[in-house]
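Descriptive structure summary
Residues per chain are reported as follows:
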Amino acid sequence: MDLRGNLNRFLIFYIDGWKVFRDPQLESRHSPVYFWREQMKAMLFYTTSEERLLPYRSFWHTFMIIKSCVFFASMWYGLTESIGDNVQVGRDLAFIIGISYIIFKMFYFLWYGDALDEVVNDLETFHPWAQKGPFTVDYRTGKRWYFLMSFVVSTSWALFLVIFLGLLITSPMWVQQQNLPFHVAFPFQWHDRSTHPITHAIIYLFQCYFGTYCLTWLLCMEGLSVCIYLELTFAIEVLCLELRYLHQRCDGNEQLRLETNRLVRFHQKIVEILNRINDVFHGTLIMQMCVNFSLVSLSVLEAMEARKDPKVVAQFAVLMLLALGHLSMWSYFGDLLSQTSLKVSEAAYEAYDPTKGSKEVYRDLCLIIRRAQNPLIMRASPFPSFNFINYTAILNQCFGILTFLLNTLD
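Owing to the predicted nature of the structure, the values given are computational and were not obtained by experimental measurement.

Brief notes about the nonpolar core
Membership of the largest hydrophobic core comes to 126 residues, with the highest contact counts inside it found for Leu116, Trp129, Leu224, Ile228, Tyr229, Leu232 and Leu243. Leaving out residues up to four positions away in the same chain, Tyr229 has contacts with Leu274, Ile277, Asn278, Phe281, Leu285, Trp330, Leu337 and Met378.

Brief notes about helix 10 (residues 282-305)
Its 24 residues give helix 10 an end-to-end C-alpha distance of 35 Å, which sits within 8% of 34 Å, the value for a rise of 1.5 Å per residue. Among the 24 residues of helix 10, 18 are classified as buried, and the element is accordingly described as predominantly covered.

A word on a nonpolar patch on the surface
Among the surface-exposed residues, Phe160, Ile163, Leu167, Met173 and Trp174 lie close enough to one another that they form a single nonpolar patch of about 640 Å² accessible area. Topologically, Ile163 is positioned in helix 6 (residues 140-174). A relative accessible area of 52% places Ile163 in the exposed class.

Some thoughts on the side chain of Asp92
Mapped onto the secondary structure, Asp92 falls in helix 5 (residues 86-126). It is Arg91 that comes nearest to the buried, bridge-free Asp92 among opposite-charge side chains, at 7.4 Å. Among the polar contacts listed, one links the side chain of Asp92 to the side chain of Ser82, at a separation of 2.5 Å. Apart from residues no more than four positions distant in its own chain, Asp92 is found in contact with Gly78, Leu79, Ser82 and His183.

Topic: the packing of helix 6 against helix 7 (residues 197-244)
Orientation of helix 6 relative to helix 7, taken along the N-to-C sense of each, is 165 degrees, at an axis distance of 10 Å. One finds that helix 6 runs roughly antiparallel with respect to helix 7. Like other packed secondary-structure pairs, helix 6 and helix 7 cross with a definite hand, here right-handed. Looking at the contact of helix 6 with helix 7 residue by residue, the classes come out as 18 nonpolar, seven polar and three charged.

Examining helix 2 (residues 32-42)
Here helix 2 lies mainly inside the structure; ten of its eleven residues are buried. Looking only at helix 2, the buried set comprises Pro32, Val33, Phe35, Trp36, Arg37, Glu38, Gln39, Met40, Lys41 and Ala42. Following helix 2 by one or two positions, Leu44 adopts a phi angle in the positive range, close to 65 degrees.

Regarding the environment of Gln339
Here Gln339 is to be found in helix 11 (residues 310-351). Take Gln339: its relative accessible area is 46%, and that puts it in the partly exposed class. Placed 97 residues apart in sequence, Gln339 and Glu242 show a C-alpha to C-alpha distance of 18 Å.

Some points on the confidence of the model for the protein chain
Looking at the protein chain, the pLDDT average stands at 87 and 96% of residues meet or exceed 70. The weakest mean pLDDT in the protein chain belongs to helix 13 (residues 388-409) at 73; the strongest belongs to helix 2 at 94.

Description of the pattern of salt bridges
Tallied over the entire structure, the rule returns eleven salt bridges. Taking the shortest distance from any N to any O, the salt bridge between Asp16 and Arg29 comes out at 2.6 Å. Within this pair, whereas Asp16 is found in helix 1 (residues 3-22), its partner Arg29 is found in the loop between helix 1 and helix 2, the two being separated by 13 residues in sequence. Residue Asp16 is classed as buried on the basis of its relative accessible area, which comes to 9%. You can call Arg29 exposed: its relative accessible area is 55%. Notably, a salt bridge pairs Glu242 with Arg262, separated by 2.7 Å at the nearest N-O pair. Placement of Glu242 in helix 7 and of Arg262 in helix 9 (residues 253-280) is noted, with a sequence separation of 20 residues between them. Overall, the relative accessible area of 1% leaves Glu242 in the buried class. Classification of Arg262 as buried rests on a relative accessible area of 16%.

Comments concerning the packing of aromatic side chains
The description of an aromatic ring pair uses the distance of the two centres, along with the angle that the planes make with each other. Here the structure, examined in full by the defined rule, presents 32 aromatic pairs. Judged by centre distance (5.2 Å) and plane angle (90 degrees), the rings of Phe71 and Phe182 are edge-to-face. Of the two residues, Phe71 is situated in helix 4 (residues 57-81) and Phe182 in the loop between helix 6 and helix 7; the sequence distance between them amounts to 111 residues. Overall, the relative accessible area of 1% leaves Phe71 in the buried class. Residue Phe182 is classed as buried on the basis of its relative accessible area, which comes to 4%. Cluster of aromatic residues (ring-pair linked, three or more members): Phe104, Tyr108, Phe109, Tyr112, Tyr229, Phe281, Trp330 and Phe386.

A look at the environment of Ala347
As for its position among the elements, Ala347 is in helix 11. Linking Ala347 and Ala317, residues 30 residues apart in sequence, is a C-alpha distance of 44 Å. Excluding anything up to four places from it in sequence, Ala347 contacts Cys240, Leu243 and Arg244.

Description of the side chain of Thr284
By secondary structure assignment, the location of Thr284 is in helix 10. Residue class for Thr284 comes out buried when judged on its relative accessible area of 2%. At 3.0 Å, the side chain of Thr284 forms a polar contact with the backbone oxygen of Phe281. Each residue touching Thr284, except ones within four places of it in the same chain, is listed here: Tyr101, Phe104, Lys105, Tyr108 and Phe109.

Thoughts on the packing of helix 2 against helix 5
It is at 9 Å that the axes of helix 2 and helix 5 come closest, and there the two elements cross at 140 degrees. In this view, helix 2 runs oblique relative to helix 5, as classed from their interaxial angle. Where helix 2 crosses over helix 5, the handedness of that crossing is left-handed. Taken together, the residues of helix 5 that come into contact with helix 2 (itself represented by Val33, Tyr34 and Arg37) are Asp117, Val120, Asn121, Leu123 and Glu124. Looking at the contact of helix 2 with helix 5 residue by residue, the classes come out as four nonpolar, one polar and three charged.

Parameters and conventions
Residues numbered from 1 in each chain as written. Predicted model: local features only at pLDDT ≥ 70, side-chain atom pairs only at ≥ 80, totals over all residues. Heavy atoms only, no water. Core = buried A, V, L, I, M, F, W, Y, C linked by side-chain atoms within 4.5 Å. Buried < 20%, exposed > 50% of the residue type's maximum accessible area, 1.4 Å probe, protein only. Contact = heavy atoms within 4.5 Å. Helix = DSSP H or I, 4+ residues; strand = E, 2+ residues; numbered from the N terminus. Expected span 1.5 Å × (residues − 1). Patch = residues over 30% accessible without salt bridge, like charges linked within 9 Å, V, L, I, M, F, W, Y side chains within 5 Å. Areas by Shrake-Rupley, 256 points an atom, 1.4 Å probe, with all protein chains shown as cover. Salt bridge = Lys/Arg side-chain N within 4 Å of Asp/Glu carboxyl O. Lys, Arg positive; Asp, Glu negative; His and termini not counted. Polar contact = N/O pair within 3.5 Å; in protein donor to acceptor, adjacent residues only side chain to side chain. Axes fitted to C-alpha atoms, helices over the stretch in contact; angles between N-to-C directions. Parallel < 35°, antiparallel > 145°, perpendicular 65-115°, else oblique. Left-handed = near helix turned anticlockwise from the far one by under 90°. Nonpolar A, V, L, I, M, F, W, Y, C, P; charged D, E, K, R; others polar. pLDDT = per-residue confidence, 0-100. Phe/Tyr/Trp six-rings, centres within 6.5 Å; stacked < 30°, edge-to-face > 60°.

Following this line, the structure appears as structure tokens:
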């Protein structure tokens with residue numbers, strides 16, 4: 001596929017999303033998960049066995065891994081130049097932690113790319129989840145809501161990313177004592193603009209390209225990950241609708257029995273897919289929790305260290321807000337999944353009618369009610385699940401660190 005084709009493939013989510021946003025009667029052709037996958041394929045870094053069979057894909061994947069290792073090593077080498085300046089060390093560590101998260105995901109999905117693709121294929125196959133036919137439930141409102149939620153979130157992320165990249169790339173022009181977007185060091189002082197202007201220009205262009213590519217890829221991967229859980233939440237909403245309108249859609253005990261049996265399998269399928277998703281994202285969820293906690297703790301520590309310098313405090317305050325914002329977004333979608341899954345038991349209870357059905361129907365409904373007592377959660381053992389309760393616990397830990405530092409420094 002040529003450059004123009006890849007560009008259209010990357011932008012089709014925003015084009016279709018805008019059309020759906022403007023026309024309330026228009027439905028999306030695919031789920032948001034499908035569009036995020038298309039964006040990653042357009043960037044040539046969707047690491048599945050099938051993709052690696054395409055021309056130049058395997059070479060490109062290997063080339064990107066090598067570049068990421070060189071970039072990461074140069075950042076650690078640059079950290080040695082900052083020793084003695086606590087504020088600069090804090091800045092370097094913040095970027096190192098952020099880049100390590102991106103590189104970890106790149107390596108991680110080299111191994112789990114096929115498992116991720118299988119999950120995406122299943123979600124796209126079952127979308128929009130409702131049974132087709134003359135008695136299908138009206139799922140269009142929910143489908144539109146979840147699609148537009150994904151579209152608005154992704155568009156907001158993209159806008160913030162453009163602003164951040166613009167500030168990052170132009171930072172050497174307006175920040176004193178900063179020659180490159182990322183503080184790095186190379187042997188023979190190749191990064192020094194006064195000594196080696198040509199190699200400095202090459203390193204600057206490399207950082208601009210690599211930083212833009214990696215952050216855009218991270219945006220797509222985060223969007224894909226979030227929308228996978230959001231798609232399961234939509235599936236639960238459809239299940240609740242089909243349970244609530246069970247008797248209106250079924251005529252006779254035999255049809256009722258077949259339908260409740262299908263809904264039991266439907267609920268079980270959602271649980272199975274969620275277990276597979278949690279297995280696929282197990283390592284990245286753990287890394288994400290560690291990275292966010294590290295960035296929040298680091299920003300608090302550096303802000304306290306340089307509390308007499310408002311500019312430095314403002315910089316690390318923004319870093320803390322970004323880390324907390326990222327964690328709160330995942331906590332929100334984890335909470336949404338858990339709270340929605342608890343509605344299944346209520347919908348199954350509403351579907352119970354002692355004047356209709358048979359013992360088999362009652363047994364199926366009881367089975368759904370019993371399974372739905374335990375909420376579906378986004379988690380990576382042994383870490384706690386992603387929700388606002390645990391999010392509050394992390395905040396308490398961070399404020400505990402802040403209180404300790406205040407008492408110590410004062």
